[in-house]
Amino acid sequence: ITSLKSLAPTRSALFDIAASGPVAGGTAALCFFLIGLFLSVTTTPGDPSLIPLSNNLIDSSLLIGAVVRGVLGDSPNLFCHPFLLAGWCGMITT
């Protein structure tokens, strides 16, 4: 909760205050998603921290699924970095 010491002078200023939280959260989620996307692999993982992920989960969002398919290709085996999951969850909730 953001506490305000006084009322916003204009509606535009109030809008800016209200929009700053989701914009900052969405930007952070997008950064985590992109970093995790480039650290993920579609073949057998050499790193035990990579998480096997079902294609149905990624395809639950059309835009995110299209981005993953565009970068990693259409492979039945997707082993994602934890940053990818953190960014995906953040973008879905934002």
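Located above this text is the structure these notes cover.
Presented here is an overview of the structure given in this document.

Criteria and cut-off values
- Residues numbered from 1 in each chain as written.
- Predicted model: local features only at pLDDT ≥ 70, side-chain atom pairs only at ≥ 80, totals over all residues.
- Heavy atoms only, no water.
- Core = buried A, V, L, I, M, F, W, Y, C linked by side-chain atoms within 4.5 Å.
- Buried < 20%, exposed > 50% of the residue type's maximum accessible area, 1.4 Å probe, protein only.
- Helix = DSSP H or I, 4+ residues; strand = E, 2+ residues; numbered from the N terminus.
- Contact = heavy atoms within 4.5 Å.
- Phe/Tyr/Trp six-rings, centres within 6.5 Å; stacked < 30°, edge-to-face > 60°.
- Expected span 1.5 Å × (residues − 1).
- Bend = angle between axes of the 7 residues up to and from the residue.
- Axes fitted to C-alpha atoms, helices over the stretch in contact; angles between N-to-C directions.
- Left-handed = near helix turned anticlockwise from the far one by under 90°.
- Nonpolar A, V, L, I, M, F, W, Y, C, P; charged D, E, K, R; others polar.
- Patch = residues over 30% accessible without salt bridge, like charges linked within 9 Å, V, L, I, M, F, W, Y side chains within 5 Å.
- Areas by Shrake-Rupley, 256 points an atom, 1.4 Å probe, with all protein chains shown as cover.
- Salt bridge = Lys/Arg side-chain N within 4 Å of Asp/Glu carboxyl O.

Concerning the nonpolar core
In step 1: Core analysis: the biggest nonpolar cluster contains eleven residues, these being Phe33, Leu37, Leu53, Ile58, Ile64, Val68, Leu72, Leu78, Cys80, Leu84 and Trp88.
In step 2: For this core, the secondary-structure elements that each account for two or more residues are α1 (11–39), α3 (62–72), β2 (78–80) and α4 (82–93).
In step 3: With residues near it in sequence (within four places) discarded, valine 68 still touches Phe33, Leu37, Ile58, Gly73 and Leu78.

Quick notes on the packing of aromatic side chains
In step 1: With the rule as written, the count across this model stands at one aromatic pair.
In step 2: Between the aromatic rings of phenylalanine 32 and phenylalanine 83, the centroid separation amounts to 5.0 Å while the plane-to-plane angle is 85 degrees, which identifies the pairing as edge-to-face. Taken together, the residues phenylalanine 32 in helix α1 and phenylalanine 83 in helix α4 connect sequence positions 51 residues apart.
In step 3: Owing to a relative accessible area of 38%, phenylalanine 32 belongs among the partly exposed residues under this scheme.
In step 4: The class of phenylalanine 83 is partly exposed, set by a relative accessible area of 34%.

Quick notes on α1
In step 1: Between its terminal C-alpha atoms α1 stretches 42 Å, which fits the 42 Å expected from 29 residues at 1.5 Å a residue.
In step 2: The sharpest bend along α1 measures roughly 35 degrees and falls at alanine 19, with the proline proline 22 sitting one to four residues further on.
In step 3: Every buried residue of α1 is accounted for by Ala29, Phe33, Gly36 and Leu37.
In step 4: Contacts made by the buried residues of α1 are with α3 and α4.

A closer look at the packing of α1 against α4
In step 1: Running from amino to carboxyl end, α1 crosses α4 at an angle of 145 degrees, the nearest separation of the two axes being 7 Å. Crossing geometry of α1 relative to α4 is assigned as left-handed. In contact with Ala29, Leu30, Phe32, Phe33, Ile35, Gly36 and Leu37 of α1, α4 contributes Phe83, Leu84, Gly87, Trp88, Gly90 and Met91.
In step 2: Taken together, the residues of the contact of α1 with α4 break down into ten nonpolar, three polar and no charged.

Things to note about the environment of leucine 4
In step 1: Locating leucine 4 in the fold gives a position in the segment before α1.
In step 2: The exposure class of leucine 4 is partly exposed, given its relative accessible area of 48%.
In step 3: Spatially, the C-alpha atoms of leucine 4 and alanine 18 are 11 Å apart, while their sequence positions differ by 14 residues.

Regarding a nonpolar patch on the surface
In step 1: Taken together, the side chains of Leu30, Leu34, Phe38, Leu63, Val67 and Val71 make up a nonpolar region of the molecular surface, amounting to roughly 550 Å² of accessible area.
In step 2: Among the secondary structure elements, those contributing two or more residues to the nonpolar patch are α1 and α3.
In step 3: For leucine 30, the position within the fold is in helix α1.
In step 4: With a relative accessible area of 40%, leucine 30 lands in the partly exposed category.

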